Amino acid sequence: KVSAKAISSAGTKEGLLSLASKLEGKTATLYTLPSLIAKFAPRSDRYSLSTFFGLVSCAGAIIKFAPQNYAYNIHYGNGENDKDDRTGRSFGEGPTRNANDASDKNYLTDLEEFVIKNPKSINNFYLTLVKTLSNSDTSDYHSIAKSGQTLLTDFLAVYTAEQARNLMDKKITLHWDAALLEVTLLAGFHAGQDEIALYYRNPSNRTISFKSEVFNQAPGCSAVDDKKTRSARIYDYWQFSASKDPAQCNRSGINVTKEQFRMLGKAISDYERKNNPKLVERVEKNFEVSNRGGNIYMELSNLFINKDTKSELGDSSANQLAQDFTNFLAQVNKDAKKISKQLSN
């Protein structure tokens, strides 16, 4: 995907190699590189090529999560420019694939395939995910199936990108990073269903309901044929903006569906709080008092995406949190059919 896009942006493979030779030895920043590219290749896609040349020149930081698992982080601003919060790209590389800039839809498609095909590896996946976010502890990476390692690396790469932007805009609120985290955790619930069903907003009448059939995504400015439906997929958490504003309606992302996935998170939390209160109590002991009693998935986001939380919780607290939350997710997976039946009525 990366090389194909670069070749397309330059016109041909030969054009890409020729441009590379002209740029060799030159010095640029993320802001000046597009203009430098345009100087030598005025008809090329200077912005896509700027990202590509930043990647192949290692113009950033490499994070090693585990053997064969890396994130390449390039062209991030430092937060001093008004547009810095839109900068940067993070590419994940795992044991099953070379570096890739995973889109939301690609990531969610891979997530669905993993949780459904690897039921024995789900708990290890979530345990490692929470330990990584709470204490930078990736020691259990090896316990996850290889496809799950690549998936987790993609998650961490995208999460890193969203966290950086969240820091640069100086607001530090639950945003795209929280959406990615909560939907990833909800996949364990969907893996336990007979068929995938989720809260979905009908683009025609704007109503939200729990259903297993949806319409294909389309930009908000486009007409949607509400007679053509298909089976719901986890990637339906990625949607186009519902705005009718031509400047906004082609934007898309997981955060667009935050009302829907948080309705599901709250419903699941309420079910487990009623049917497994001691389990929920153990989980919520890891949170601040003000973060208890609601959507447990969102409570975890509030713990991680909060300037007052310690940068590392410490081995004991982080391990306890990871184990308690993984046990909660395992119980949700077990109860998924019952919860789905209740929500469908």
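Before reading further, recall that the structure is shown in the block above.
Residues numbered from 1 in each chain as written. Predicted model: local features only at pLDDT ≥ 70, side-chain atom pairs only at ≥ 80, totals over all residues. Heavy atoms only, no water.

## Things to note about the overall build of the protein
- Scanning the protein for helices and strands turns up 12 helices and 10 strands.
- Relative to the compact-globule value of 20 Å for 345 residues, the protein shows a C-alpha radius of gyration of 21 Å, a close match.
- Projected onto its principal axes, the C-alpha coordinates of the protein cover approximately 65 × 55 × 35 Å.
- Of all 345 residues assigned to the protein, the portion counted as buried reaches 47%.
- Pairs at least 24 residues apart make up 57% of the contacts formed inside the protein by residues separated by at least 6 positions.
- Of the roughly 17400 Å² of accessible surface on the protein, a fraction of 47% belongs to carbon and sulfur atoms.
- Side-chain charges in the protein split into 45 positive and 39 negative, and the spacing between the mean points of these groups amounts to 3 Å. (Helix = DSSP H or I, 4+ residues; strand = E, 2+ residues; numbered from the N terminus. Rg over C-alpha atoms; globule rule 2.2 N^0.38 Å. Buried < 20%, exposed > 50% of the residue type's maximum accessible area, 1.4 Å probe, protein only. Contact = heavy atoms within 4.5 Å. Areas by Shrake-Rupley, 256 points an atom, 1.4 Å probe, with all protein chains shown as cover. Lys, Arg positive; Asp, Glu negative; His and termini not counted. Charge placed at Lys NZ, Arg CZ, Asp CG, Glu CD.)

## Details of the pairing of strand 1 (residues 60-66)
- As defined by bridge partners, strand 1 adjoins strand 2 (residues 69-74) across six bridges and the pair is classed as antiparallel. Each bridged residue has a counterpart across the sheet, and for Ile63 the counterpart in strand 2 is Ala71.
- Between strand 1 and strand 2, which pair antiparallel one after the other, the connecting turn spans two residues, and Gln68 there sits at a positive phi close to 70 degrees. (Pairing = 2+ DSSP bridges.)

## Considerations on a positive patch on the surface
- Taken together, the side chains of Lys278, Arg282, Lys285 and Arg292 define a basic patch exposed on the protein surface.
- Its location among the elements puts Lys285 in the loop between helix 10 (277-284) and helix 11 (296-304).
- Exposure remark for Lys285: the relative accessible area of 56% places this residue in the exposed category. (Patch = residues over 30% accessible without salt bridge, like charges linked within 9 Å, V, L, I, M, F, W, Y side chains within 5 Å. Salt bridge = Lys/Arg side-chain N within 4 Å of Asp/Glu carboxyl O.)

## A few points about the environment of Ala6
- Within the secondary structure layout, Ala6 lies in helix 1 (residues 2-10).
- Measuring from C-alpha to C-alpha, the distance between Ala6 and Ser50 comes to 9.4 Å, with 44 residues separating the pair along the chain.
- Leave out the neighbours within four places in its chain, and Ala6 touches Leu16, Leu49 and Phe52.

## So, the packing of aromatic side chains
- For the structure shown, the criterion picks out 13 aromatic pairs.
- Taking 6.5 Å as the distance between ring centres and 0 degrees as the angle between the ring planes, the aromatic pair formed by Phe65 and Tyr141 counts as stacked. Taken as a pair, Phe65 in strand 1 and Tyr141 in the loop between helix 6 (122-135) and helix 7 (146-168) lie far apart in primary sequence, 76 residues in all. The pair Phe65 / Tyr141 is uniform in exposure class, with both members buried.
- Both rings, one in Tyr297 and one in Phe325, keep their centres 6.4 Å apart while their planes meet at 80 degrees; by these two values the pair is edge-to-face. One end of the pair, Tyr297, is in helix 11; the other, Phe325, is in helix 12 (residues 315-344), and 28 residues separate them in sequence.
- Since its relative accessible area comes to 1%, Tyr297 is described here as buried. (Phe/Tyr/Trp six-rings, centres within 6.5 Å; stacked < 30°, edge-to-face > 60°.)

## Some points on unusual backbone geometry
- A positive phi is found at Cys58, a non-glycine position, where the angle reads about 55 degrees.
- Its identity as a non-glycine residue notwithstanding, Gln68 has a phi of 70 degrees, on the positive side.
- Of note, Gln68 is situated in the loop between strand 1 and strand 2.
- Look at Gln68 and you get partly exposed, because its relative accessible area is 47%.

## Observations concerning the packing of helix 3 (residues 33-40) against helix 4 (residues 46-56)
- Their axes nearest at 9 Å, the elements helix 3 and helix 4 cross at an angle of 110 degrees. The orientation of helix 3 relative to helix 4 falls into the category roughly perpendicular. Here helix 3 runs over helix 4; the crossing is right-handed. When helix 3 is examined against helix 4, the residues Leu33, Pro34, Ile37 and Ala38 are found in contact with a partner set consisting of Arg46, Tyr47, Leu49, Ser50, Phe53 and Gly54.
- Counted by class, the contact of helix 3 with helix 4 contains seven nonpolar, two polar and one charged residues. (Axes fitted to C-alpha atoms, helices over the stretch in contact; angles between N-to-C directions. Parallel < 35°, antiparallel > 145°, perpendicular 65-115°, else oblique. Left-handed = near helix turned anticlockwise from the far one by under 90°. Nonpolar A, V, L, I, M, F, W, Y, C, P; charged D, E, K, R; others polar.)

## Some details on the sheet that holds strand 1
- If you trace the four strands from one edge of the open sheet to the other, you get 1-2-3-4, paired in antiparallel fashion. Edge positions in the sheet fall to strand 1 and strand 4 (97-100), since each of these pairs with one other strand and no more. Pairwise comparison of adjacent strand axes, ignoring direction, gives a mean angle of 15 degrees for this sheet.
- Here strand 3 (residues 89-94) pairs with strand 4 via two bridges, running antiparallel. Residue pairing across strands places Gly92 opposite Asn100, the latter belonging to strand 4.
- Of the strands in this sheet, strand 2 and strand 3 are in contact with helix 4, which crosses strand 2 at around 125 degrees.

## A word on the pattern of salt bridges
- Under the defined criterion, the tally for this structure stands at 14 salt bridges.
- A salt bridge links Asp154 to Arg97; its shortest N-O distance comes to 2.9 Å. One end of the pair, Asp154, is in helix 7; the other, Arg97, is in strand 4, and 57 residues separate them in sequence.
- A network of salt bridges, in which partner residues are shared, links Lys266, Asp270, Arg273 and Glu284.

No statement about biological role is implied by the geometric values presented.
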